[in-house]
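Residue strings, one per chain:
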Amino acid sequence: EWLRLVKEHADEAAWRELTRNNPFPAIHGRVCYHPCETACNRIELDGAVSIHSVERYLGDLAIANGWQFAAPVRQTGRRVLVIGAGPSGLSAAYQLALLGHSVEIRDSSDAPGGMMRYGIPEYRLPRDVLDAEVARITALGVTITLNHTVADLLEEQREGNFDAVFVAIGAHLSKRVDIPTRDAGRIVDAVTFLRDVASGETPVIGRRVAVYGGGNTAMDAARVARRLGAEESIIVYRRTAEQMPAHADERDEAVREGVKMNWLRTINSLDDDQMQVEIMELDENGKARGTGRFETLEADTVILALGQEADSDFLKVIPGMQFDGDVVQVDPKTLMTDVPGIFAGGDAVPSERTVTVGVGHGKKAARMIDLWLNSRPHIEREKHDLATFDKLNLWYWGDNRRTTQPELAVEQRQNFDEIVGGLSADEAFTEAWRCLSCGNCIECDGCLGSCPEDAVIKLGKGLRYRYDYAKCTGCGTCYEQCPVHAIEMIAER
Ligand SMILES: Cc1cc2nc3c(=O)[nH]c(=O)nc-3n(C[C@H](O)[C@H](O)[C@H](O)COP(=O)(O)OP(=O)(O)OC[C@H]3O[C@@H](n4cnc5c(N)ncnc54)[C@H](O)[C@@H]3O)c2cc1C
């Protein structure tokens with residue numbers, strides 16, 4: 001729908017439609033790994049619609065124009081505590097505020113944003129963009145109490161008269177391994193390293209930095225190390241390139257910036273400026289195992305990027321709350337924990353750990369909290385079938401290749417300036433026009449023209465059509481010609 005509105009030059013309406021679900025289009029347009037584009041049918045023609053770049057265009061336009069969210073018409077008087085001001089907590093707070101609830105977020109850090117501020121480096125997400133999209137949520141009346149670590153949830157809930165709680169504490173504890181070394185100070189964890197850099201500090205690193213791990217955090221740590229002046233930044237990963245959890249784009253960008261990759265290696269020990277690594281190989285099940293053969297690589301600093309865990313110990317004293325290791329168990333349909341009225345989402349629950357999933361959890365939790373506060377049951381909406389490419393009857397799709405975003409040349413990436421630029425209004429419009437509108441009527445009048453029985457009645461612009469089933473013979477002509485598969489043939493019962 002919001003892409004359709006961009007096609008109509010109705011940019012503000014498009015932004016309002018988009019932000020019904022997600023308050024962070026400028027952020028998502030930059031950092032979301034856009035799984036929607038992998039699913040986009042246009043991939044079969046000339047490349048997926050660059051949905052994220054149109055989203056970013058709308059987000060940036062809203063910031064430039066100072067567009068604000070409309071406040072709810074009535075307040076419910078119900079109070080909700082949100083623990084954590086990361087994407088998940090902020091998204092929940094936003095949706096709860098729109099529903100008229102009074103929301104307070106409490107967060108340990110000295111600024112809101114969670115890993116969007118203290119993890120994702122500025123060259124991918126400028127902080128003025130983050131600040132602008134967070135400020136719009138506080139303008140709705142959401143209070144954020146910073147530098148406040150919640151240690152006793154039930155006591156804070158009682159003392160603050162909160163009717164429900166949403167726990168969105170993320171996963172901030174770095175997993176560690178023991179690497180024998182004479183100088184432990186030269187082994188740091190990636191979360192602390194990136195947090196320090198994001199807080200304006202300049203951690204001391206050597207000339208040759210090894211980053212241990214193969215995820216997105218490892219890629220960012222290696223790229224940040226380059227920007228801090230490391231002459232060499234190498235990734236050491238125990239499996240193969242194909243098995244790396246990092247997104248291919250992140251890995252490719254790291255390689256473009258000169259980060260070297262050492263697959264099938266584990267770090268055994270670190271000396272003054274050398275590191276002993278064991279060569280690994282894959283067994284018949286594709287699992288990496290040591291070979292007992294070693295080699296030496298030059299490195300004077302090791303950054304551990306082996307994954308993160310949720311700091312959830314303070315929740316473990318709550319009677320009835322269930323855990324799966326460090327993460328909180330929730331009902332996947334409602335995101336409620338086993339304790340009535342306490343919900344959880346984002347990185348702190350079993351899930352894919354992305355900004356997008358976190359924001360989605362925040363939205364879902366807010367709706368579930370609202371139902372719970374009103375003692376209403378959750379009724380799952382039936383999802384309609386997907387309009388896959390083979391179901392479309394395209395007769396015209398234009399010859400428009402995917403618009404590319406401008407970006408800094410590798411030689412220009414010495415500092416934390418943003419690498420990728422946005423689209424112009426014309427480019428965003430052109431890109432939105434590439435959307436095939438799969439499954440959504442575009443009012444092309446094809447069904448109207450093709451019906452031999454005059455059973456299709458046009459209702460006017462924006463109102464689509466009505467089908468007169470007394471005249472319809474079920475010949476299927478309308479269905480067979482519909483370019484976007486907005487018509488379904490359903491057998492008469
Ligand atoms: C280096 C790095 C790069 C990443 N890049 C991307 C990317 O490009 N795209 C993407 O989609 N995802 C990315 N991610 C993942 C993404 O950032 C996380 O999945 C997302 O931030 C999780 O959101 P969250 O709200 O659950 O938790 P967080 O963002 O971690 O926020 C949790 C908040 O809770 C607060 N908190 C914790 N405990 C308490 C407590 N007891 N009391 C009060 N406050 C507390 C913390 O201070 C923090 O502000 C990246 C992660 C990292 C580390």
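A quick note: this is a predicted structure, and the numbers were derived from the prediction, not measured.

### Digging into the overall build of the protein chain
And then number 1: A tally of regular secondary structure across the protein chain gives 16 helices and 19 strands.
And then number 2: Here the protein chain has a C-alpha radius of gyration of 26 Å; the compact-globule value for 493 residues is 23 Å, and the two agree.
And then number 3: Dimensions of the protein chain, computed from C-alpha atoms along their principal axes, come out at roughly 85 × 55 × 50 Å.
And then number 4: When burial is assessed residue by residue, the protein chain has 48% of its 493 residues classed as buried.
And then number 5: Considering only contacts in the protein chain between residues 6 or more positions apart, those separated by 24 or more positions represent 68%.
And then number 6: Summed over all atoms, the accessible surface of the protein chain reaches about 24,200 Å², with 49% contributed by carbon and sulfur.
And then number 7: Looking at the protein chain, you have 55 positive and 76 negative side-chain charges, and the mean spots of the two groups are 2 Å apart.

### Section: the sheet that holds strand β10 (residues 265-270)
And then number 1: The three strands lie next to each other as β10-β11-β12, forming an open sheet whose pairing is antiparallel. For this open sheet the edge positions go to β10 and β12 (288-298), each flanked by a neighbour on one side alone. Each strand of the sheet is rotated relative to its neighbour by a mean of 30 degrees, with strand direction disregarded.
And then number 2: The pairing of β10 with strand β11 (residues 274-282) spans five bridges and is antiparallel. Directly across from I267, in β11, lies its bridge partner V277.

### Some points on the nonpolar core
Nonpolar side chains in soluble globular proteins tend to be buried together.
And then number 1: With 77 residues, the main nonpolar core has L153, V167 and L315 as its most contacted residues.
And then number 2: Ranked by the residues each element gives to this core, the list is headed by helix α13 (residues 355-373), at eight residues.
And then number 3: Both domains that furnish three or more residues to this core are identified here as domain 1 (2-67 + 384-433) and domain 2 (79-172 + 310-373).
And then number 4: Each residue touching V167, except ones within four places of it in the same chain, is listed here: I83, L153, L315, I342, F343, A344 and G345.
And then number 5: By size, the runner-up hydrophobic cluster in this structure holds 25 residues, among which are V197, A225, V259 and I419.

### Here's the deal with the pattern of salt bridges
And then number 1: One pass over the full model with this rule turns up 39 salt bridges.
And then number 2: The closest approach of N and O atoms between R106 and E156, which form a salt bridge, is 2.6 Å. A residue pair is termed long-range when its members are at least 10 positions apart, and R106 in strand β2 (residues 102-106) and E156 in helix α9 (residues 153-159) qualify at 50 residues.
And then number 3: Among the residues examined, E156 registers a relative accessible area of 10% and is labelled buried.
And then number 4: Across the salt bridge formed by E407 and R413, the nearest N and O atoms sit 3.3 Å from each other.
And then number 5: Put simply, R223, R227, E253, R256, E257, E407 and R413 are held in one network by salt bridges that share partners.

### With respect to the packing of helix α2 (residues 11-18) against helix α5 (residues 51-65)
And then number 1: Interhelical geometry of α2 versus α5 gives an angle of 105 degrees and a closest axis separation of 10 Å. Overall, the two elements α2 and α5 adopt an arrangement that is roughly perpendicular. Between α2, through D11, A14, W15 and L18, and α5, the contact on the second element is made entirely by E55, Y57, L58, G59, L61 and A62.
And then number 2: Tallied by class, residues from the contact of α2 with α5 come to seven nonpolar, one polar and two charged.

### Observations concerning the side chain of E37
And then number 1: By secondary structure assignment, the location of E37 is in helix α4 (residues 35-39).
And then number 2: At a separation of 2.9 Å, a polar atom in the side chain of E37 contacts the main-chain amide nitrogen of I51.
And then number 3: Apart from the residues within four sequence positions on either side, E37 is in contact with I43, A48, V49, S50, I51, H52 and R402.

### Digging into the packing of α5 against helix α14 (residues 425-433)
And then number 1: Close contact between α5 and α14 brings their axes to 10 Å; oriented N to C, the two are set at 140 degrees. What the angle tells us is that α5 and α14 run oblique. The crossing of α5 and α14 is left-handed. Every residue of α14 that contacts α5 at S53, V54 and Y57 is listed here: A425, A428, E431 and A432.
And then number 2: When grouped by side-chain class, the residues that make up the contact of α5 with α14 number five nonpolar, one polar and one charged.

### A word on the site of the ligand
And then number 1: Taken together, 34 residues lie around the ligand, and V31, D107, R124, H172 and D347 are the ones closest in.
And then number 2: Taking T354, its main chain carries an N or O atom lying 3.2 Å from an oxygen atom of the ligand.
And then number 3: Burial of the ligand by the surrounding chains reaches 96%, relative to a free accessible area of 1,000 Å².
And then number 4: Elements supplying a minimum of two residues to the shell around the ligand: α6 (87-98) and α11 (216-227).
And then number 5: Of the residues assigned to the shell around the ligand, the class counts are 13 nonpolar, 15 polar and six charged.
And then number 6: Mapping the shell around the ligand onto the domain boundaries places at least three of its residues in each of domain 2 (79-172 + 310-373) and domain 3 (175-307).

### Details of the pairing of β12
And then number 1: Across eight bridges, the pairing between β11 and β12 is antiparallel. Among the inter-strand pairings, V277 is bridged to a residue of β12, identified as E295.
And then number 2: Hairpin geometry of β11 and β12 is characterised by an intervening segment of five residues between the two adjacent antiparallel strands and by a positive phi of about 80 degrees at G286.

### So, the packing of aromatic side chains
And then number 1: Inspection of every chain in the model, using the stated rule, returns six aromatic pairs.
And then number 2: Taking 5.8 Å as the distance between ring centres and 50 degrees as the angle between the ring planes, the aromatic pair formed by W15 and W67 counts as tilted. On the criterion of sequence distance, the pair formed by W15 in helix α2 and W67 in the loop between α5 and β1 (79-83) is long-range, its members being 52 residues apart.
And then number 3: Using a relative accessible area of 0% as the deciding quantity, one classes W15 as buried.
And then number 4: In this structure W67 comes out as buried when scored by relative accessible area, which is 13%.
And then number 5: Both rings, one in F429 and one in W433, keep their centres 6.4 Å apart while their planes meet at 75 degrees; by these two values the pair is edge-to-face.

Rules of the game
- Residues numbered from 1 in each chain as written.
- Predicted model: local features only at pLDDT ≥ 70, side-chain atom pairs only at ≥ 80, totals over all residues.
- Heavy atoms only, no water.
- Helix = DSSP H or I, 4+ residues; strand = E, 2+ residues; numbered from the N terminus.
- Rg over C-alpha atoms; globule rule 2.2 N^0.38 Å.
- Buried < 20%, exposed > 50% of the residue type's maximum accessible area, 1.4 Å probe, protein only.
- Contact = heavy atoms within 4.5 Å.
- Areas by Shrake-Rupley, 256 points an atom, 1.4 Å probe, with all protein chains shown as cover.
- Lys, Arg positive; Asp, Glu negative; His and termini not counted.
- Charge placed at Lys NZ, Arg CZ, Asp CG, Glu CD.
- Pairing = 2+ DSSP bridges.
- Axes fitted to C-alpha atoms, helices over the stretch in contact; angles between N-to-C directions.
- Core = buried A, V, L, I, M, F, W, Y, C linked by side-chain atoms within 4.5 Å.
- Domains from an automatic or database assignment.
- Salt bridge = Lys/Arg side-chain N within 4 Å of Asp/Glu carboxyl O.
- Parallel < 35°, antiparallel > 145°, perpendicular 65-115°, else oblique.
- Nonpolar A, V, L, I, M, F, W, Y, C, P; charged D, E, K, R; others polar.
- Polar contact = N/O pair within 3.5 Å; in protein donor to acceptor, adjacent residues only side chain to side chain.
- Left-handed = near helix turned anticlockwise from the far one by under 90°.
- Near = heavy atom within 4 Å.
- Phe/Tyr/Trp six-rings, centres within 6.5 Å; stacked < 30°, edge-to-face > 60°.

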